[in-house]
Every structure is written in structure tokens, then in C-alpha cells.
Amino acid sequence: MLSGTGLVAGYHRGQRVLDGVSLELEPGSITGVLGPSGCGKSTLIRVLALLHTPEEGVVRLDDHRVDRFRHAAPAALRRQVGVVFQHPRSAADPRHTLRRIVSAHLPAKSPPQETDRLAELVGLTPDLLSRRPHEVSDGQLQRACLARTLGTDPRYLLCDEMTAMLDASSAATLVHLIRAQVHERDRGVLMVSHDPALLAACCDRTLHWEELARPT
Amino acid sequence: MSEKTVPTGPEADPEAGPWRPAGRRRPGGAPGRGTAVPARVRLAFAAGTLVAVVAVILVVPLVAGDAATRTVDYDAVLLPPGAGHLLGTDDAGRDVLVRAVLGARVSLVVAVTCAVVATLLGTLVGAVSGAVGGLTDAIVMRVVDGFNAVPHLLLGILIVALYRGSLISVVVSIALTHWTTVARIVRAEVLSLRSRPYVDAAISGGASRRTVLVRHLLPAVAPQSALAAALLLPHAVWHETALSFLGLGLPPHLPSLGTMVADSRDDVLLGAWWTIAAPAGVLVAVTLAVAGLAGWWRDRLVPRRRSELAL
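Just so it is clear, the structure is predicted and the values come from calculations on it, not from any experiment.

1. Some thoughts on the overall build of chain A
Thought 1: Along chain A, the regular secondary structure elements total nine helices and nine strands.
Thought 2: Across its three principal directions, the C-alpha atoms of chain A cover 50 × 40 × 35 Å.
Thought 3: Within chain A, buried positions represent 45% of all 216 residues.
Thought 4: Long-range pairs, those at least 24 residues apart, make up 71% of the contacts in chain A with a sequence separation of at least 6.

2. A word on the overall build of chain B
Thought 1: Counting secondary structure elements, chain B contains 10 helices and zero strands.
Thought 2: Start at the N end of chain B and walk to the C end: the helices and strands fall as α-α-α-α-α-α-α-α-α-α.
Thought 3: Pairs at least 24 apart in sequence give 67% of the contacts found in chain B among residues at least 6 apart.

3. Here's the deal with the UniProt feature "transmembrane region" (unreviewed entry) in chain B
Thought 1: The UniProt record annotates "transmembrane region" (unreviewed entry) at residues 43–64, 108–133, 153–177, 217–238 and 272–297 of chain B.
Thought 2: The distance from the first to the last C-alpha atom of residues 217–238 of chain B is 32 Å, and the span holds 100% helix and 0% strand.

4. Description of the domain arrangement of chain A
Quite often, the size of an interface is put as the accessible area lost when its parts meet.
Residues and elements named next belong to chain A.
Thought 1: Split into domains, chain A comes out as domain 1 (2–80 + 154–212) and domain 2 (96–151).
Thought 2: No other element matches helix α7 (residues 168–185), which puts four residues into the side of domain 1 that touches domain 2.
Thought 3: For the side of domain 1 that touches domain 2, the per-class residue count stands at seven nonpolar, two polar and one charged.

5. Details of the interface of chain A and chain B
Thought 1: Opposite the 21 residues of chain A that make contact, chain B presents 13 residues.
Thought 2: Counting only elements with at least two residues in the side of chain A that touches chain B, the list comes to α2 (75–78), β6 (81–84) and α3 (88–91) of chain A.
Thought 3: For the side of chain A that touches chain B, the element with the most residues is β6 of chain A, which contributes three residues.
Thought 4: Of the residues contributing to the side of chain A that touches chain B, the split by class is nine nonpolar, six polar and six charged.

6. Let's talk about the pairing of strand β7 (residues 156–160) of chain A
Residues and elements named next belong to chain A.
Thought 1: Judged by how many residues are buried, β7 sits mostly within the fold: five of five residues are covered.
Thought 2: Burial along β7 is two-sided: the residues Y156, L158 and D160 and L157 and C159 are all buried.
Thought 3: For β6 and β7, the ladder comprises four bridges, and the chain directions are parallel. By the bridge assignment for β7, G82 is matched with L157.
Thought 4: As defined by bridge partners, β7 adjoins strand β8 (residues 188–193) across five bridges and the pair is classed as parallel. Looking at β8, one finds that D160 is bridged to V192.

7. Comments concerning the sheet that holds strand β2 (residues 18–25) of chain A
All names here are of chain A.
Thought 1: Taken in spatial order, the four strands of this open sheet run β2-β1-β4-β5, and their pairing is antiparallel. Of all the strands in the sheet, the pair left with one neighbour each is β2 and β5 (64–66). Neighbour-to-neighbour, the strand axes of the sheet open up by a mean angle of 20°, direction not taken into account.
Thought 2: Looking at chain direction, strand β1 (residues 2–9) and strand β4 (residues 56–61) are connected through five bridges and run antiparallel. Paired with V8 across the bridge in β4 is E56.
Thought 3: In the packing of helix α1 (residues 41–48) onto the sheet, contacts are made with β1, β2 and β4, and the angle to β1 comes to roughly 120°.

8. A closer look at helix α8 (residues 257–269) of chain B
Residue and element names in this part refer to chain B.
Thought 1: With 13 residues, α8 should cover 18 Å at 1.5 Å per step; its first-to-last C-alpha distance of 19 Å lies within 8% of that length.
Thought 2: For α8, the principal kink sits at D263 and spans about 35°.
Thought 3: Every buried residue belonging to α8 is among L257, G258, T259, M260, V261, D263, S264 and D267, and all of these are buried.
Thought 4: Directly beyond the C-terminal end of α8, a positive phi value near 95° is found at G271.

9. Focus: the sheet that holds β6 of chain A
Residues and elements named next belong to chain A.
Thought 1: Strand order in the open sheet formed by five strands is β6-β7-β8-β3-β9, and the pairing between neighbours is parallel. Both edges of this open sheet fall to β6 and β9 (205–208), since each of them pairs with a single strand only. The average undirected angle you get between the axes of adjacent strands in this sheet is 20°.
Thought 2: One ladder, built from five bridges, connects strand β3 (residues 30–34) with β8; its direction is parallel. The residue of β8 that forms the bridge with L34 is S193.
Thought 3: In the packing of helix α6 (residues 138–150) onto the sheet, contacts are made with β6 and β7, and the angle to β6 comes to roughly 175°.

10. Some details on unusual backbone geometry
Trans peptide bonds make up the majority, and among non-glycine residues the majority have a negative phi.
Residue and element names in this part refer to chain A.
Thought 1: With phi around 50°, R70 is a residue other than glycine that occupies positive phi space.
Thought 2: Checked against the element boundaries, R70 lands in the loop between β5 and α2.
Thought 3: According to the C-beta neighbour criterion, R70 is partly exposed, with 18 such atoms within 10 Å.
Thought 4: Although it is not a glycine, E161 sits at a positive phi angle of roughly 45°.
Thought 5: As for its placement among the helices and strands, E161 is situated in the loop between β7 and α7.

11. Considerations on the packing of helix α2 (residues 96–132) of chain B against helix α3 (residues 134–149) of chain B
All names here are of chain B.
Thought 1: Here α2 crosses α3 at 145°, and the two axes come no closer than 7 Å. Each of V125, S129, G130 and V132 in α2 lies in contact with α3, whose residues at this interface are G134, T136, D137, V140 and M141.
Thought 2: Partitioned by chemical class, the residues of the contact of α2 with α3 number four nonpolar, four polar and one charged.

12. Some points on the packing of α2 of chain B against helix α5 (residues 167–193) of chain B
Thought 1: Two elements in contact, α2 of chain B and α5 of chain B, have axes whose closest approach is 5 Å; the angle formed by their N-to-C orientations is 35°. Taken as a pair, α2 of chain B and α5 of chain B cross one another with a handedness that is right-handed.

13. Description of the confidence of the model for chain B
All names here are of chain B.
Thought 1: Averaged over every residue, the pLDDT of chain B is 80; residues scoring 70 or more account for 82%.
Thought 2: Note on residues 1–33: pLDDT under 50 across the span, and 25 contacts to partners over four residues away in sequence or across chains.
Thought 3: Segment residues 303–311 is flagged for pLDDT under 50; beyond a separation of four residues in sequence, or across chains, it makes 11 contacts in the model.

14. A short note on the environment of G57 of chain A
Residue and element names in this part refer to chain A.
Thought 1: Positionally, G57 belongs in strand β4.
Thought 2: On the basis of neighbour count, G57 is assigned to the partly exposed category, with 17 C-beta atoms found within 10 Å.
Thought 3: Remark: the alpha-carbon pair of G57 and G4, spanning 53 residues in sequence, is separated by 7.1 Å.
Thought 4: Apart from the residues within four sequence positions on either side, G57 is in contact with G4, T5, G6, L7 and V8.

Basis of the calculations
- Residues numbered from 1 in each chain as written.
- Chains lettered and ligands numbered in written order.
- Predicted model: local features only at pLDDT ≥ 70, side-chain atom pairs only at ≥ 80, totals over all residues.
- Helix = DSSP H or I, 4+ residues; strand = E, 2+ residues; numbered from the N terminus.
- Buried ≥ 20, exposed ≤ 12 C-beta atoms within 10 Å, placed from the backbone.
- Contact = placed C-beta atoms within 7 Å.
- UniProt positions renumbered as here; feature names shortened; annotations may be inferred.
- Domains from an automatic or database assignment.
- Nonpolar A, V, L, I, M, F, W, Y, C, P; charged D, E, K, R; others polar.
- Pairing = 2+ DSSP bridges.
- Axes fitted to C-alpha atoms, helices over the stretch in contact; angles between N-to-C directions.
- Expected span 1.5 Å × (residues − 1).
- Bend = angle between axes of the 7 residues up to and from the residue.
- Left-handed = near helix turned anticlockwise from the far one by under 90°.
- pLDDT = per-residue confidence, 0-100.

Shown next as C-alpha cells:
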């Protein structure tokens, strides 16, 4: 189980973006968090993904209390929590090809077939893999970012409004893929969004932000 | 007392055309220069000058040979420009054109080496400092401040005074006094880059600091570093010239633009203006050409700047 308890976090001293937020994420289920823009959903994801150090509170990953974040956190721990960001354009290095982006989290000596398998999993055709981010659509790039995240075979997948930049068809395809991942690989998925219809369609349970944010 | 107001905006000068913020160019003008010369003309002039200088530097030594710079002929002292010697001779009867060309070659080699060494050092220090952050970053930046607090020429003079008369000491003195500028640029760029989501994604995927630095940060700052090296080049030429002019740079037998200008001081007082005209002309031409090309590259690399100026 991935959990955050009493999380307090911000980006400047004295400014609290998260103020006593608690959340538990079970493997094999999709949890949705519904909240307005700017309420702190992305910061919550960054803390749970071990990318941002909370000022207060505890993050636990499968009964392991996490005390260090970002590079200080052990790589093996970081690889257990995957993140899919909202904006694929800024989540992909513009200098890399899609093949390099997809294979970024694979071990150094992985065969090329492993990259092809991940690309096929998310529906990327082989001809797209030689292109760079500016040569593909947002939907195709988001699929590449999802494939990259799945490269570590994470136990938990945190999706930060991952369909916000996509058209309905691309969004439906990615949601279907995420659901398949939950059932086949027993991953725990957190989907945050401000779209109640999306969360109602794909989540096993949906929480409102007010339910998570209880000031300490 | 009546309050005096200073007219601003369109009412300040109705005939000056539509109002635009101070420092911004008129549409169609050259970007960021406040001049009417179009950018492509400046580019062609700079590139043409540099190509011509490099061609002369490559061709003349082949024709004249290195011995021409050392051949002393006291029967041909301070001859004015003419058929035998296109740019005249100096006070030892040596051909000024040959020496100026070979001097430019030495100065350019020194400047390029200095620019490359300073850029590599500055990029490495700036990137590591920005990527690691925290206490390391604070300490490194205070060291940079310490270097910047001492006048560059003074520090350069100190270094070459310890190991004078050596090509390496000149290179080291210029590189050690100029890496800080590059380090600051690169650090600022890295601080901006390291908060990008693709860097977060790499960290989330288990990437080490070194991997993030090598795969994402250094390739991203490489164009800025290369531009910094190009902008440093003309400055390094002048620095080498200044050190040699002060008698602290290259040894006298090695012609550089600085040693030539220094040697010609007494000759100019005797009316032999050509002894200083050749090295000074090459110095100005090379620095203006390199600075022109670097400025064009900077405008290409930072398109935001151009779009802002085109308002």
C-alpha cells in the first residue's frame, strides 16, 4: 500500500499547498481524486512519487517509511512509483526520439525488443519511434510517456490529469489501457482530475479533495 | 508650484510613429542593435571577413614560410608599403604583412584554446553546481564571486608573471579568469531545467544525478555553452593582446598581434605608421567578425528575444 498521512508541503516558506492531506492507495484498484485546479493535486502526486519533500507528514510504501526524497531516495524505491504527467510536451525531453523516451527507464542492457513491446502495449506504431516529440501529436506523446513509466514495472501508477491535453478518443484508449494494467499486473493507480465524468467512468472509488485535506 | 510632467507614449513625439517600449526596434530593423543595417548584411560581412582572414592565415605561411618572420634584414628597416613588401617592414627589416598574418594565427589559436578551456571548465562547474544545489551550490557560487571580485586583467597578470613567456601560462591565465561567466550562465540554465517534468520523470525512473546530468542537462545547455565560447573568443583575443602588449604574454620571437603592437610603439613615433596599422587592422577585423557571428547566433538561439523586439 502507498500512503501519505498528514502531508504538509509547499514550494516557498510559509506557503502551504498541502495542509494535512492523507491518502491511501491499494494495489489492484483505481482511486480517483476530484478537485478544482490549483488545489494541490499535482503537489500530492509529487510527494507520493518521492519527488518533493514534505515539510510534515509520513509517506509509506508497502510498510516502508520513506524519509528521503528525490535523488536521496533509493532508486529501487523510486522505481516502484511511476508518474504520468499532465503535459506530455514538458514531460518528454525534446532532444530525444520516442524510442529513447520509451526505453529511458529500462535497464541499460535491455534488448530493443523490450522497447518495441512497451510501444506496442500503448499502441505506438514502429514508425513513430524514430520521431522526436515535436513530430508527433499530444496523444502519441502521452502514450510514449506512459510506456516509459511502465518500463520500471511500477507497483503504483500516479496519473496527474493525464488525459487533460488529449481528445476523447485518445483519452478513452489510455484509460482502457490503465484499467487493463490494474487487472493484469495488480497495480495501484491514482488518477487525479477535475473531470468528474472521467473519474466516474474509470475509478473504483472517487474521493473529493475536501475529504483528503483535513488541516492539522 | 505647478507640477511639471514629462510626456510619454504616443503624445511625446507624434511624428516618431507608433509608440513602442524604449529599447525596442522598429519592425524590419536589425534585432537588438539599434542600427539600420539589416541582420543578413551584418552576417554576410562578418562571415566574409572571417573567411577571408582564415584563408589568408592559411595561405600566407605556405607561401612565405615560417622563416620569413625571423629573417632580419637591416638594409630594409622601416620600409613603407610598396611592391617588395605590401605592408612595409618593421624596425628589424621583417615583412609586416607576414608577421601580422602569423601573429593573427597565434592570437587566434590562443584565443580559441582559452575559449574552449574556459567554456568546458565553466560548463562543468556550473552544471554540477546547479544540478546538485544546496550547500555545494552556495559554496561554488561564492568561489565564483571571489574570482569575479578580482579584476580579470590583474589576476591574469599575476598568473603570467609567475610563469612568464609561455604559451601555456597565457592560456591558463585567460581561461582561469573567464570560466566564471560561463559557469553562471550554465548554472542558471540548469536551475531552470532541473524543475522540468522530464527531469522529474527521469528521477522517478531511478536515474542518478550523473545520469540526469549527462542525458538531459548537459545536452540542453550545450548550445548556450557553445554560444558563450563564441562570445568569449573576441574577448580572449583582446586579453592575449593586452598581456603581450604589457610584455607579459608571449615571448618576443613568437609574433602575436599583441607583441606586434607593443613592438611598433617606437616605430610609430618615427613616422612608420604601417607597423601598427597591420596588426591593429587584423585585430579589429577578427574581433568584429567573430562578435558579429556570435551575435547572429545568439539571436537565432533565443527567438523569444527577437519576437519581443519585433513588437
